[in-house]
Number of protein chains: 2
Amino acid sequence: MRILIIGGGAAGATAAQFARKQNRDAEIIIFEATQYSQYSKCGLPYALSGKIVAFENLVEFSQEWFQRNKIELRLSTTVERIDSSRKTITIRGPSGSQDELYDALIFATGASPSVPPIVGIHSGDRLRDGVFQFRDMNQAKEFKDWCLKKSRNVVVIGAGLVGLECAEALHEMRRQVTVIEYLDSILPTMIDPDMTDQLLAIMSNVGIAVKISSSVEEVIGHPSIEGVMVTSRKDGKRDIVQCDTIILAAGQKPVTSLAQQVGCDLGKAGHIIVNDRCETTVKGIFAIGDCSQYRDAVTKTELLVGLGTLAVKMGEIAGKNAAGGDSRLPAGFLNARVTRLFGIEIAAVGPLSSALTTAGINTIQSRVKGSTLPSYYPGGKEITVKLSASADDGKIISCQIVGEKESGLRIDVVAALMMGNMDVRSLSMLETAYSPPVAPCVDVLTTAAQAILIKLDRTKRE
Amino acid sequence: MRILIIGGGAAGATAAQFARKQNRDAEIIIFEATQYSQYSKCGLPYALSGKIVAFENLVEFSQEWFQRNKIELRLSTTVERIDSSRKTITIRGPSGSQDELYDALIFATGASPSVPPIVGIHSGDRLRDGVFQFRDMNQAKEFKDWCLKKSRNVVVIGAGLVGLECAEALHEMRRQVTVIEYLDSILPTMIDPDMTDQLLAIMSNVGIAVKISSSVEEVIGHPSIEGVMVTSRKDGKRDIVQCDTIILAAGQKPVTSLAQQVGCDLGKAGHIIVNDRCETTVKGIFAIGDCSQYRDAVTKTELLVGLGTLAVKMGEIAGKNAAGGDSRLPAGFLNARVTRLFGIEIAAVGPLSSALTTAGINTIQSRVKGSTLPSYYPGGKEITVKLSASADDGKIISCQIVGEKESGLRIDVVAALMMGNMDVRSLSMLETAYSPPVAPCVDVLTTAAQAILIKLDRTKRE
């Protein structure tokens, strides 16, 4: 049995790992376009700032690990063509081009950063000097080299996770940073606008300028970058933001040209559609990670995969199935997510409030403040929780948490409850472990559930 | 409607709070034997050490809070008799004795420390000077006064939560501490013996002597205490441990003389038996908190209530029901518990392994080590997880976690899964939120679940 995996990131490497666990004898080969063994892309901003001392420390599955597990890892190798009728792929690597047969093929091709339509961003057919992407190790290394040598003043285009994590790193490197976001709030795909105040306040305090609802129209300056021309999407006012460096963190698009060529069905945004076995619509071909889409557990609509955790879950399922198993994803993903920025943890699970509205889901929400520790114990930190439940049956459908620490782990508790289809009554009765130096007797999650219960009871009475 | 509550601790005060939420007009009266408004008993060790600067800071529901919520709090008042046929109780307070009618009566009488049969522990009918209990504020204050003035060298009898939390406080006060435990491991009702090594090592490092399997036979010295005579339960060897002070932390017994008198059914260990509405077997009478027992969610056998969290859950249910509601506890308690001692967090949910064996539950266990953070990110701390699942269906039935920090919140995740009757397959697919500075992509809980899955699959194949 021959299992070929295109892409050696977290998804691909995990697929290989679980294919091996499932089947001791299968031939497993990963084709990776870059020269790197699997490493953590999520760790790149911390290698930029220097918190992680070397980029090479980000490697998780080393070449030795692959060897030990008899998984062949072919680096600097791209896949050029797939013939699904002959079950063959054509690869090009350091030693030339050749065909490889497969029994199962796994797309773990990831995504590439979007390049927004900005005048003057290119020089010929590549980005001009001083304009960077920040998705893979080569890009991050190039950017860090440039920053250390030539940059004092950086514009970050995009206030998503990558943009803000880079902004934090650059701030720690004592660079002047301006973040420009096209949409109307920061972290727009992660949390609701009304949960961003605390983070915005801290960023403002430390001297990072944030411009939301703003479109970068043009890069100014020759031969060096001198700034960007920004237009407010609210009032149309134009403004020049000075900078010597630009980082593009305005989203990403899935890498799917091979999948398209071979006839896999794609979703509206171009992601490869898979079922709960991670199978594409072409027999024998699987897709996992950022190039794919699955189902949102709450809205039942498509969920574009964009988290390392989901890549790894899918890798496990696809790997086992490619090697002859029959494993299945949960019916939908909860999209549990977290980050820590400027000392604030921001965590969420389930759809944004705007997505719940779009999906026509009738919700009841609570928003409460609590503390990480009992009121009488010193050192507790404020936590804000926004919890949503179905107005019909009280089922928990989303939660967002912002606080100085330990918010991330609380979102896992809500994810567990959602996985079990539990309601706010269950959460109000959940035994959260209590000890004065660890957590309060009545946790903020309990309080948030009780607040919704009161609203639900009132609705029923009316 | 008249609701009388005997006992103004966490259980009683919470019952009053939720009775008021349920019913704006009910007359609600709490009779509390001590002179204190509700305070956190769990916080007493931290007021001993001085981490919490004053004992009075432990008050959570103040007298003003009760007034604001129109709940009458009668301090220094004891209940002497109950006549359930006339629905009357006889109280004795600062202004004498009188009868009070009730529609609903709630026992929240708590527990009192056990006094082990030790020769020379008493002077007349009270404990001799230098021997202390540590369950309520008066006892804790007396003990602290004595410690500050007269104590250099303390023997703590009992290595349960109270004993070890006091040992830590005394160590922080620079007292010499010896902990003596009758049973064969420390924290014997909290975690399995094989999860205590890390804590034992740290206690040894900081100079606290711990003697397990040891029985204190006699207090030595006159007029002052000079030591205790200890007999090893393993080899019968006798030994004198020098000390000037003794603290009794060898468990507790429920306060149930009134409940017995009125005919409430009691369990084997003397706790008041209640149903899922927190009703006793006597109509109109409820019981909550440490004086009561309910059902263990896993073994379905009796669970002796001994946690503040359970007291508060029961207070909520009993308070609502006493005031005319119809609320119910979950079918059983998970007994989620946590503490932090000497920088180590110890957390558990579900029965001890020994209790699972006694109950005849066939389990598969895993024991794995992980880190609070990804391997590539600096500052992660080791976490050890012991997870148990049913060998029949893979349902999660217990979990124990030991680690330097953030163990407590991970146990809440397992509690949530157990509340939803979920299995290790679900846990292996649980989306734990990931970000390098917050938590790893593959959490140690996931690894523990995967380890059991492999064993389960192997069992099936055999």
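Residues numbered from 1 in each chain as written. Chains lettered and ligands numbered in written order. Predicted model: local features only at pLDDT ≥ 70, side-chain atom pairs only at ≥ 80, totals over all residues.

## Comments concerning unusual backbone geometry
All names here are of chain A.
Step number 1: Look at the link from H222 to P223: it is a cis peptide, with omega at -5°.
Step number 2: You can see P223 is positioned in the loop between strand 15 (214-220) and strand 16 (227-232).
Step number 3: Even without a glycine there, the phi angle at R174 is positive, about 65°.
Step number 4: Its place among the elements puts R174 in the loop between helix 5 (161-172) and strand 13 (176-180). (Helix = DSSP H or I, 4+ residues; strand = E, 2+ residues; numbered from the N terminus.)

## Re the domain arrangement of chain A
Residue and element names in this part refer to chain A.
Step number 1: According to the domain assignment, chain A consists of domain 1 (2-112 + 253-322), domain 2 (115-248) and domain 3 (337-457).
Step number 2: Facing the 11 residues of domain 1 at the interface are 13 residues of domain 2.
Step number 3: Per-element accounting of the side of domain 1 that touches domain 2 gives the leading share, five residues, to helix 2 (residues 44-49).
Step number 4: Looking at the side of domain 1 that touches domain 2, its residues break down into seven nonpolar, three polar and one charged. (Domains from an automatic or database assignment. Contact = placed C-beta atoms within 7 Å. Nonpolar A, V, L, I, M, F, W, Y, C, P; charged D, E, K, R; others polar.)

## A few points about the interface of chain B and chain A
Step number 1: Counting from both sides, the interface comprises 56 residues of chain B and, opposite them, 56 residues of chain A.
Step number 2: Listing elements by their share of the side of chain B that touches chain A, those giving two or more residues are helix 8 (308-322), strand 24 (337-341), strand 25 (344-349), helix 10 (407-419) and helix 11 (424-429) of chain B.
Step number 3: With 10 residues, the top contributor of residues to the side of chain B that touches chain A is helix 10 of chain B.
Step number 4: When the residues that make up the side of chain B that touches chain A are grouped by side-chain class, the tally is 34 nonpolar, 12 polar and 10 charged.

## A look at the sheet that holds strand 24 of chain B
All names here are of chain B.
Step number 1: Spatially, 24-25-28-27-26 is the arrangement adopted by the five strands of the open sheet, whose pairing is antiparallel. With partners counted over all chains shown, the strands left at the sheet margins are strand 24 and strand 26 (363-371), one partner each. With strand direction ignored, the average angle separating the axes of adjacent strands in the sheet is 10°.
Step number 2: Both strand 26 and strand 27 (residues 382-390) contribute to a ladder of nine bridges, which runs antiparallel. Paired with Q365 across the strands is S388, a residue of strand 27. (Pairing = 2+ DSSP bridges. Axes fitted to C-alpha atoms, helices over the stretch in contact; angles between N-to-C directions.)

## Notes on helix 4 (residues 137-150) of chain A
Residues and elements named next belong to chain A.
Step number 1: A rise of 1.5 Å per residue sets the reference length of helix 4, with its 14 residues, at 20 Å; its end C-alpha atoms lie 19 Å apart and thus fit the reference within 8%.
Step number 2: Those residues of helix 4 that sit buried are M137, A140, F143, K144 and C147. The buried residues of helix 4 occupy one face: seen down the axis, they fall within an arc of 125°. The exposed residues of helix 4 that point more than 90 degrees off its buried face are D145 and K149. (Expected span 1.5 Å × (residues − 1). Buried ≥ 20, exposed ≤ 12 C-beta atoms within 10 Å, placed from the backbone. Arc of directions from axis to C-beta.)

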